[in-house]
Each structure stands twice: as C-alpha cells, then as structure tokens.
Amino acid sequence: MTLSRIRNFSIVAHIDHGKSTLADRLLALTGTMDAKKAVDQVLDSMDLERERGITIKAHTVRLLYQGRDGHEYTLNLIDTPGHVDFSYEVSRALAACEGAVLIIDAAQGIEAQTLANFYLASDANLTIVPVINKIDLPAADVEGTREAITATLDLDGSEALAISAKHGTGVPEVLEAIVTRIPAPAGDPDAPLKALVFDSFYDSYQGVVVYVRLTDGHVRSGTRILLMSNGRAYDVQQVGVFSPDMRPVEELSAGQVGYIIAGIKRVADAKVGETITEAARPTAAPFPGYRDAKPMVFAGLYPIEDTDYEALRDALEKLRLNDPAFTYEPETSLALGYGFRCGFLGLLHMEIVQERLEREFDLSLIITAPSVRYRIQTTAGEVLDIENPSKLPTPDRIAEMEEPYVTSSVFVPTEFMTVIYKLAQEKRGEHKALEYHGKRVHIRFDFPLAEIVVDFYDKLKSISKGYASFDYEFADFRASDLVKLDILLNGEPVDALSIIVHRDKAYEKGKALVEKLRAVIPRQLFEVAIQAAIGSRVIARETVKAMGKNVTAKCYGGDITRKRKLLERQKEGKRRMKQVGRVEVPQEAFLLVLKS
Amino acid sequence: MLADNPPASDSLGFYIHVPFCAQRCHYCSFNTAPLDATAMTRYLAAVGCELDLLGALAWAPRVRVETVFFGGGTPSLLDPAALAAILARLRRRFAVAPGAEITVEGNPESVTREKLHAYRAAGVNRLSLGVQSLDDAILRRLGRLHDGRGARRAFEAARDAGIANVSVDLMYGLPGLDPEGWSRTVDAVLDWQPDHLSAYGLTLDAGSLWGAAGVAGLPPEETVVAQYWRLARAAAERGFEHYEISNYARPGFRSRHNQIYWRAAEYLAAGPGACGFVGRVRYANVRATPRYAVTLEEGRLPLDTFEELTPRQRLAERLILGLRTADGVPAAWLGARLLCSGGPEPGSSRGWPAGGAAWLRDAEPLRRTIDAWRGERLLADAGDRVRLTEAGFLVSDALFVELL
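Visitor: Help me understand the overall build of chain B in this model?
Guide: A tally of helices and strands in chain B yields 16 helices and 17 strands. Taken over the C-alpha trace, chain B has a radius of gyration of 22 Å; the compact-globule value for 404 residues is 22 Å, and the two agree within 12%. Expressed along its principal axes, the backbone C-alpha trace of chain B runs to roughly 65 × 55 × 40 Å. In chain B, buried positions account for 56% of the 404 residues. Across chain B, the fraction of contacts at a sequence separation of at least 24, relative to all contacts at a separation of at least 6, is 71%.

Below, the structure is given as structure tokens:
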C-alpha cells in the first residue's frame, strides 16, 4: 500500500460536542459497520464508558474510503479518551496522527477542552480540520462560530465544515476533507523500525495487544522487537489492523496503524508513549515525550469484610494488568484494617476503578477520602512524599510542607465571571490571566490540586448553569500552611478520616465535616461523639444520639415472610457499614470528607 | 404444593382472614375490602370451599387444630350464622381440639351483646377488641368509627355475653397523642380489667393512607419511647406479664394462637391474603378478594406465593421470632447461629472459597454484637435461655438484622 493513500487522524472535541456521533457516521458511510453496532461495540466498549458518555480508553478503526479522485484511501481513525484525567493518553494518540478533526458545537461554541485539544493537536504538529457540528439546532450560530474559530483558534473559520452529524448533513465532505487536507504519512519503509505505542490492552489468551503507529520500517510475524524505554525484547507473533475487529495482516509498514502481539505479559511493559524498534537494527532516536503516567490522586481501598482482602488484591492485580496508570501498595489502617493505598490519574479514574471492583469483582469496598501527594521537608533535612494524611510526621518534625499546584483554564460567558472568581477564591485559586473572546472569557488560574480534586468541576458547572468549561495540568509543588485535621469517634481518632487542609480553612472544614458525619452515621445502641481536632485541640463536635426505638410492633396475621424481607433489605444496607472500634460507619462517610 | 408438604407437627393453628371493613383506617395497610352483601356471600362460599379443599389433603386427617383466629379486616362484621357456618365447616374437615382457643377480632362499633353471645354459642371463646384509643379526637383522626364510650360499651358487652378472655388493642406514638392522653387511656383500659393487652407503636406502612400521604403531628421519638415505658410499668403494676414486644397478659391468658407464630410453629390459613406455614414452606393466598373467590369457584386452592425456607432461614426465623417474647430462645440456638456465620450466602455469585479460618473469623462481628447487647443489658441470660429485656424489645430490629 502506498503511503499516499493512507490518512491517520483523530477526532477531538469538548465533551458532548458530538464526537461519537460523527465517528459513528463515518463508519456507516464507509460501510465499516452499521451505525448502531458501531456505537455499541467499537467506540465506547466499556459499560462504564457508555453509561458516562465518555471514552476512557483509546480505540482505533480502519475505514476504507473511495475518494472523489477515484482512489481508495485507508483512513485510520484513532479515537482518544475524552476527559482531563487522561490528557497524556490523548497527547500520545494524537502523536500517532497527521491530522485531527476538531468538532465545535454550533450552539455552545468554543469551550475549555476545545482549546485544550486544539493546543494538544497543534503541539503534535497536526493539520486541523475544524468542523462546526449540530447546525440543525435552533440555537446554532454557524457564522458566530466561524468568527470564534478565526479569533480564538488561529484557524481560518471560513474553512470550517458545517455539518449535522446527527442527520448526516455535510458528513461526506468531512471524509473528503480528511483526504484532501490532512497530509499522507511520511516515513521510510526501509529505515529501522520505529513505532509509537498509543494504547494497549490485555487479552487473557494472547497477552498484551499493543496499538502502534509506524513512522519508519516495517514489522511482521517473527520480527524481534525491542521496547526502548525498558530494553525488553520480544518475538512478534502477529500483526494486524482493526476493521473494526482485529484482523491479522502480513506486515505493517511505515505510515500504518495497527496492532502487534508479541507475548508481552503485562500492559505495564508496553506503556503508552513507548517506542518499539527492531532489536537487531534499532532506530537512532525514540519518540520524544514519553513519560510514565503519574498518579495524582491517592485513596485507601479497604474491603468491608476482612475476608475479602485477598480477593481485593487479586482484583487490583487484574485491573493493573490493563491500566498501568493505576498504582497500589498494601497499607494498614487502625480503623479499617488491611487494605491498599491506590494512586489514580484523577477522580474520574478513581471512580472508574472503584466501580469496576464492585461490579466486575463483586467486592464491597470502603474508599477513603482522596488525597494528593504532599512534599514534606523534615527538620532532620529529609524530603518525604506523603499521600496518606495519617502518615504525616508530627508538626515538630516538619520544617516545611509543599502541595501540588495545577495551572488551569476556565472558559465561560462573561456574565458568570463574578461567580467564577468567587469560587476560585474559595478554592485558593491564584488569578493569572484574563482574555476576552467576544462574549466569553478565558481565565487562567493556578489552583492547589487538592482544592479541585473532588467537586470543583461539579460546582463550576452548577454556578455557571453548565456553561463553564475547565481544563488543567500539573504545574509544580508550592509551600503552603497546611495542618492535619483528625476526626475522633467517641474519643478515638479514625486514621482513615484524617485529612490535610489549609490552616485558614481548618475550622470551617472541621465543622462541616462533623455535621455531615452526624447525618450519615446511623444511631447505635450508645451515643456517638464525633469530634474534629487539630493535634489535641478539638475544634468541632456533634453527637449522634443513642437509638431510641427500632422495632416492628406487629407481625400481622402470621405474615412472617414480609417481616423477614424488611429485615433483609435493612441487612443489605448494612453490608456497606464498617465497624470502626464499636461504631458502625457507613461506606459513604469516608468519601464525605473532602466533599464538605 | 401443600399436598406434598405435610406439616411436621400434628397440632396446628388455623388463621382465617375476613377482609371486609366498613371503612379503612388511615394507618392500616392490611388486606381489606369494602363491605357489600354480594361480595360477602361470595367470600363465605369461597372460604367454605377452601376449608373443604384443605380438609381433603391426604395429611389433613391427622391434624388437630389447637387454635383458630379470625383476623381482618373486621371479622366482627360476620353475621353470627355465617361465623358459625365457617366453624362448623372447619370442624367437619378437621379435628378441632376440645379446648381450642377460638379468637375473633372485633371493632367496638360492630359488636353487640347479642352478636357476641351468638359467637360464643358457635364456639368463640376469645375476643380481641380494636379499641386503639379512648380519646375521641384521636379516634377520628385514625379514621375509626367508634368513640371512647363505644369502646367501653363493647368491652362490657363482651363480658355480659360471657366471653371470659377479652383482649384490648391499643396504639401509641399516634399523631396528637401526648404523654398525658396516653396515660389516661392506659389507666382507663387497665381499670376495665381486660385479660390481655396488645399495644402497637404506630408504623407508617407503605400501603396505608398515612404511609402514602404522610401525616402531621407525629410525636418525637422520646415521647413514643416514654409511652412504651408508661404502659410497661402500668401493666406490670396490675400483674400483667410483658410476654412479647407488643403484648401483655394476665397469668394464663397469653394468646395461644400468636405464640404459634413466635415459636415458628405451624399453622394453616384460609381467606384472601392469609399466610400459612407448614413443613418448611411459608405460603400466602391471593390477596384480592374477587380473584380469591374466582380461584376457589374453579375448584383450586388460591395459593399465590410460597417459599421453602433453608435451614439457615429457619434458624434465623426461630431466633427473630423467639426473641420477640419474654421466654426468649435456648442459648444453644444463638450458638448454632454463630457456627453458621461466614461462607458465601446461598445464591451469592462470589466465587471466593471460604477457608476454615475465614469461616471462624467471620463469626466475630456477630459475637461482638451479641456481647455488646449483653453489656448494654438489652440481652439477658435466664438459665439456658437468652431473652431480650424490655429495653432490648424497643430496639430489637437492630439485633434481628444481624441474626438473619
């Protein structure tokens, strides 16, 4: 296949601007598969992805398109994850392309992730095809969107294609633009093999299936390949393409996209961003920009039943096979017993892992309040990274504490500026820049990561009636005046409920927290005192009164079954309680901690 | 289904449901039907057929009926002749023990001395009178059709009719019921010298008007708890034993029928929505009265649901029901329950093997709970039995959940 007949592209968009719908149309138009099946099976294949309407893992599909010039083209659509937690994965998927279709909603206009995706695509030197979608909506403003594209994105808005992916209007022009505007891949098929890993998954029969984009050389069954970041060598067993199911081919060569199976045992051994070359004739330079995906958010995972500990460990090991960005190591908690401290890219990633553990492995879990990683300079001159608040040294041993900061972009209509600034102030945001784009503003803030990790995005959405959009990336560690806030139940500190907070917010936080805990801790046989304390100083207290009455007065007419069923339902609720000392604490109490 | 499932014991209770009410009370979620003559006629014929069909079961001849309980609905709406006909049909099909306890539930406005006399002549020897309150304002709020004086008259009518065993039903925790009002009702009713008292704390059941629409003026929990203790103390002073969570009796006047339930013993049932327990099977009849009648007119037993209990469920039920009573349960039963902790529940999809050690460790939380209940004096040992204390009765569901 000549390189001139190949196009490698991605579709990028702000959430809900119509990426899946357009992908779906492209598949249908090229006869790759029927639309319904495409959506169900290909693009959002995990249940969770479909339920949440977001793409978590990259996918790739090969489309065969008959161009208007009469030639048949191979279009490799590399679908990218659609959430800020996964921006590294997006950047690697884009690095495998020559071009990107950037979708902008004709009614919503440019949003934070439109901009973030635009920058990512520009950084990867991609040719960008702007597409204005949803022109069928009554609120669609095609001309305004064209102007915004010209003004904000440094693209020619007049060249943007106006389409309705939902109705199929203008979609054939998108295919044609992919062929005419996006360059064919360049590369030397005779040079040493150089392939970029942009995704992988674990298959229990074949081992790791690695998604690759070749820039130089070729690879076929029997080629001995070398993974450049870790120096491991493997013999290729199979190469193939996605159309959309995996289909083996003789050879993959420069410019092509496909998969390699080479007896790799763990996804962690062929990470996203990795360069694959020939063992016998390695390429001179690996792809730049490779990095280990680093977890940013940490939380303890504990089985509700102690006896599930080993089952949890096995389940974590299985998840990790497919998800190297997720880390775990054993830890113990006085309150919760044996569990694991797990690291996640962000809160969404954390929720996905938790849901998969509960659904796919049928485990009942306690997840503790998520924490970021703090950097501590001790008076003895050590530097400690602390991601579990209960591990924080005593104040007399701390010389300085630093916390991670992010740089962020908020895009919002001007009328919401005041509320956004107010929220940013509550969240210890530092204003960095403000740019006007017509009726919208682009505000840059630096935030402590801990402040935006839990509910910032939800709050932002709600105060801006859904109009604000948000994107962020890690910046650096900065010194902060932080303290550890402990929660005590009947005088006993519960290590799993400790959090690290800014000193100025400790009182307010402690008060809110004990109030929330009072609302969720059910009444027990005895009174439960809930206290918040900094060191030995109690700053807030609430009481859960002892249970007064909990009785079914009448088992009417011998209907014992009804009574038993009622009790069984209550028992189901109790499965989610953890015994901490003598007190039964519901699962959600541990997550409330940061949400207060 | 009943044919292949003979009762383990030869002595059974018999529950007969009479669904009709002149008006549904606002707190009531029981199976009731509006009273009309045609429906009543059809119902009576259907109950007769049902007794015939039950009596024709292969194992019926060896059964001895020790108690009969007419529950409702409002059984006292039955014409004495109709009640006598049901009892006669029952005696024709089953051996009813000579000293059997035969109870009828009645509402004050639908009993008269004459009617009760006729009931007694038919064999009824116990009346359970639905008084609920003596406060006329509260009775109206409940949707009851009698007033306090009517309740008193009904009680006296029962005595005049020669019914030697009369129970009074009361309710507390009612909207608008303050501690003084409750004290007045309790003291007045105790002055009547009933033989038995049932006192139910109000629960808002999903199927009731109040459960669906809500109700204003519910007293705070402390008041409800105080009302419970007020009755417990007053009843004890008058020589009543608090022999079940909601029941008090003068010595020798415990409800024999209800004790069958609390001992997880067996009973048959007739009437729409009635529940029975024979062998290992708990079953319930079709609830809707018209469909109940149609099924019997077609010559079939009107079974709706049935469930065969697992050994573990049977043990849990024995504990939960037994602990409702002052007699409690043998301590050995709790020991047995601790031994069957751990391991996957039947029907669990979890594939992890429960090793021996895990199995034992899993009993620990329940053991700790039981110790905590003893420590709080909610659970007490009495010889080789264990029982809930009167304080324990009040929070009993919290323990029962653990014992499932």
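Next comes the rest of the write-up.
Visitor: Honestly, the overall build of chain A in this entry has me stumped. Any pointers?
Guide: Summing up its helical and strand segments, chain A has 15 helices and 33 strands in all. The globule rule puts the C-alpha radius of gyration for 596 residues at 25 Å, and the 27 Å found for chain A is close to it. Along the three orthogonal principal directions, the C-alpha set of chain A runs to about 80 × 70 × 55 Å. Expressed as a percentage of the 596 residues in chain A, the buried residues total 57%. Accessible surface for chain A amounts to roughly 24300 Å². Of this, 49% is attributable to carbon and sulfur atoms. Between the mean site of the 74 positive side-chain charges and the mean site of the 85 negative ones, chain A shows a separation of 6 Å.

Visitor: Would you take a moment to explain the packing of helix α14 (residues 364-375) of chain B against helix α16 (residues 396-403) of chain B for this structure?
Guide: Helix-helix packing is characterised by the crossing angle of the two axes and by the distance between the axes. All names here are of chain B. Interaxial distance between α14 and α16 falls to 10 Å at its minimum, and their mutual angle equals 160°. In this view, α14 runs roughly antiparallel relative to α16, as classed from their interaxial angle. The handedness of the crossing between α14 and α16 comes out as left-handed. Contacts between α14 and α16 involve Leu366, Thr369 and Trp373 from the former and Ser396, Ala398, Leu399, Glu402 and Leu403 from the latter.

Visitor: I tried to follow the interface of chain B and chain A on my own but got confused; where do I start?
Guide: Bring the parts together and some accessible area is lost; that lost area is often taken as the interface size. Facing 50 residues of chain B, the contacting portion of chain A comprises 40 residues. Summing the contributions of chain B and of chain A, the shared interface buries around 3900 Å²; its carbon and sulfur component is 54%. Here chain B and chain A share eight salt bridges between them. Among the ionic pairs, Arg562(A) bridges to Asp205(B), the shortest N-O distance being 3.8 Å. For the interface between chain B and chain A, the tally reads 12 residue pairs in polar contact (both at pLDDT 80 or more). Contributing elements (two or more residues each) for the side of chain B that touches chain A: β1 (11-18), β8 (196-201), α8 (221-237), α11 (311-322), α13 (356-361), α14, α15 (390-394) and α16 of chain B. The leading source of residues in the side of chain B that touches chain A is α16(B), at six residues. Taken together, the residues that form the side of chain B that touches chain A break down as 23 nonpolar, nine polar and 18 charged.

Visitor: For this particular structure, what's the right way to read the pattern of salt bridges?
Guide: In a structure, side chains of opposite charge can pair up when their charged atoms sit close to one another. If you walk through the whole model with that rule in mind, you get 56 salt bridges over all chains. Of the charged contacts in the structure, one is a salt bridge between Glu250(A) and Arg220(A), with a shortest N-O distance of 3.9 Å. Taken together, the residues Glu250(A) in the loop between β13 (246-249) and β14 (251-253) and Arg220(A) in strand β9 (residues 218-220) connect sequence positions 30 residues apart. Note on Glu250(A): relative accessible area 60%, which makes it exposed. Its salt-bridge partner being Lys563(A), residue Asp397(B) comes within 2.7 Å of it at the nearest N-O pair. You can see Asp397(B) sitting in helix α16 and its partner Lys563(A) sitting in helix α14 (residues 560-574), one on each of two chains. Judged by its relative accessible area of 3%, Asp397(B) is buried. Take Lys563(A): its relative accessible area is 5%, and that puts it in the buried class.

Visitor: Please explain helix α12 (residues 331-339) of chain B as it appears in this structure.
Guide: Because the α-helix completes a turn every 3.6 residues, residues three or four places apart line up on one side. Inspection of α12(B) places Leu334(B), Arg337(B) and Leu338(B) among the buried residues, and these make up the whole buried set. Looking straight down α12(B), one finds that the buried residues subtend no more than 100° of arc, so they occupy a single side. Summarising the geometry of α12(B), the exposed residues directed more than 90 degrees from the buried face are Ala332(B) and Leu339(B). Summarising the contacts, the buried residues of α12(B) are in contact with α14 of chain A together with α11, β15 (329-330), α14, β17 (385-388) and α16 of chain B.

Visitor: What should I look at first to understand the domain arrangement of chain B in this one?
Guide: Residue and element names in this part refer to chain B. Taken as a whole, chain B is organised into domain 1 (11-262) and domain 2 (311-403). Across the domain 1 to domain 2 interface the summed buried area is about 1100 Å²; carbon plus sulfur atoms make up 58%. Counting the contacts that link domain 1 with domain 2 gives two salt bridges. Inspection of the domain 1/domain 2 interface yields seven residue pairs in polar contact (both at pLDDT 80 or more). Within the residue set of the side of domain 1 that touches domain 2, elements represented by two or more residues are α8, β9 (241-244) and α9 (256-262). The element best represented in the side of domain 1 that touches domain 2 is α8, accounting for four residues. Classifying every residue of the side of domain 1 that touches domain 2 by side-chain character gives eight nonpolar, two polar and two charged.

Visitor: Just checking my understanding: could you explain the sheet that holds β13(A) for this structure?
Guide: Either a parallel or an antiparallel arrangement is found when strands of a sheet pair, and the pairing is made through backbone hydrogen bonds. Residues and elements named next belong to chain A. As summarised here, the arrangement of the eight strands in space is β11-β10-β16-β7-β8-β15-β12-β13, forming an open sheet in which the pairing is antiparallel. Lying at the two open borders of the sheet, with one neighbouring strand each, are β11 (232-235) and β13. Each adjacent strand pair in this sheet contributes to an overall mean axis angle of 40°, direction not counted. One ladder, built from four bridges, connects strand β12 (residues 238-242) with β13; its direction is antiparallel. Bridge assignment links Val241 to a residue of β13, and that residue is Arg247.

Visitor: Explanation requested: the nonpolar core in the structure shown.
Guide: Note on soluble globular proteins: their nonpolar side chains tend to be buried together. Residue and element names in this part refer to chain B. Grouped together as the largest cluster of nonpolar side chains are 164 residues, with contacts concentrated most on Phe14 and Phe70. Sorting elements by how many residues they give to this core places α8 first, with seven residues. In this view, Phe14 contacts Leu51, Leu54, Val65, Thr67, Val68, Phe69, Leu90, Phe94, His257, Leu268, Ala269 and Ala270; residues no more than four positions away in its chain are not counted.

Visitor: Looking at this model, I keep getting lost on the pairing of strand β12 (residues 275-278) of chain B. Mind explaining?
Guide: For a regular strand, side-chain orientation follows a simple rule: the groups alternate between the two sheet faces. Residues and elements named next belong to chain B. Side-chain alternation along β12 places Cys275 and Phe277 on one buried face and Gly276 and Val278 on a second face that is also buried. Summarising the sheet, β12 and strand β13 (residues 281-285) pair through four bridges and their orientation is antiparallel. If you follow Cys275 over to β13, its bridge partner there is Ala284. Between β12 and β13, which follow one another and run antiparallel, lie two residues, and Gly279 among them has a positive phi close to 60°.

Visitor: Could you clarify how one ought to interpret the packing of helix α1 (residues 19-29) of chain A against helix α7 (residues 171-181) of chain A in this entry?
Guide: Residue and element names in this part refer to chain A. Where α1 meets α7, the axes come as close as 10 Å, and the angle between the chain directions of the two elements is 80°. Taken together, the axes of α1 and α7 lie roughly perpendicular to each other. Contact residues: Leu22, Arg25, Leu26 and Leu29 in α1; Val171, Pro172, Val174, Leu175 and Ile178 in α7. Each residue belonging to the contact of α1 with α7 can be placed in one class, and the counts come to eight nonpolar, no polar and one charged.

Visitor: What should I look at first to understand the sheet that holds β17(B) in this one?
Guide: Residue and element names in this part refer to chain B. Pairing in this open sheet of three strands is antiparallel, and the strands run β15-β17-β16 from one edge to the other. One side of each edge strand has no neighbouring strand; the edge strands of this open sheet are β15 and β16 (379-382). Bridge count between β16 and β17: four bridges; the pairing is antiparallel. Directly across from Ala380, in β17, lies its bridge partner Arg387.

Visitor: I would appreciate a short explanation of the confidence of the model for chain A in the present structure.
Guide: When pLDDT drops low, the exact placement of atoms in the prediction is not to be read closely. Residue and element names in this part refer to chain A. Of the residues in chain A, 92% reach a pLDDT of 70 or more, and the chain-wide mean stands at 86. Scored below 50 in pLDDT, residues 38-45 shows 28 contacts in the model against residues more than four places distant or in partner chains. Contacts from residues 52-56, a stretch scored under 50 in pLDDT, to residues over four places away or in other chains number 21 contacts.

Visitor: What is the right way to look at the environment of Ala399(A) in this model?
Guide: Residues and elements named next belong to chain A. One can find Ala399 in strand β23 (residues 398-413). The spacing of Ala399 and Gln206 is 193 residues in sequence and 52 Å in space, taken between C-alpha atoms. Every residue in contact with Ala399, bar those within four places of it in the chain, is listed here: Gln377, Thr378 and Thr379.

Visitor: Would you mind showing me how to read empty space enclosed by the protein here?
Guide: Where empty space is left in the structure can be found by rolling a water-sized probe over the atoms. All told, the structure shown has 10 cavities of 30 Å³ or more when counted by the stated rule. Looking at the largest cavity, its volume works out to about 240 Å³. Residue lining of the largest cavity: 21 residues in total, with Lys554(A), Phe69(B), Glu105(B), Tyr200(B) and Asn258(B) positioned closest to the centre. Secondary-structure elements contributing two or more residues to the lining of the largest cavity are β6 (126-132), β7 (165-172), β8 and α9 of chain B. Looking at the lining of the largest cavity residue by residue, the classes come out as eight nonpolar, seven polar and six charged.

The rules behind each value
Residues numbered from 1 in each chain as written. Chains lettered and ligands numbered in written order. Predicted model: local features only at pLDDT ≥ 70, side-chain atom pairs only at ≥ 80, totals over all residues. Heavy atoms only, no water. Helix = DSSP H or I, 4+ residues; strand = E, 2+ residues; numbered from the N terminus. Rg over C-alpha atoms; globule rule 2.2 N^0.38 Å. Buried < 20%, exposed > 50% of the residue type's maximum accessible area, 1.4 Å probe, protein only. Contact = heavy atoms within 4.5 Å. Areas by Shrake-Rupley, 256 points an atom, 1.4 Å probe, with all protein chains shown as cover. Lys, Arg positive; Asp, Glu negative; His and termini not counted. Charge placed at Lys NZ, Arg CZ, Asp CG, Glu CD. Axes fitted to C-alpha atoms, helices over the stretch in contact; angles between N-to-C directions. Parallel < 35°, antiparallel > 145°, perpendicular 65-115°, else oblique. Left-handed = near helix turned anticlockwise from the far one by under 90°. Buried area = accessible area lost by both parts, 1.4 Å probe. Salt bridge = Lys/Arg side-chain N within 4 Å of Asp/Glu carboxyl O. Polar contact = N/O pair within 3.5 Å; in protein donor to acceptor, adjacent residues only side chain to side chain. Nonpolar A, V, L, I, M, F, W, Y, C, P; charged D, E, K, R; others polar. Arc of directions from axis to C-beta. Domains from an automatic or database assignment. Pairing = 2+ DSSP bridges. Core = buried A, V, L, I, M, F, W, Y, C linked by side-chain atoms within 4.5 Å. pLDDT = per-residue confidence, 0-100. 1 Å grid on protein atoms, 1.4 Å probe; cavity = no way out; pocket = protein on both sides within 12 Å on 5 of 7 lines; lining within 4 Å. Points joined across faces, edges and corners; volume = space filled by probe spheres on them.

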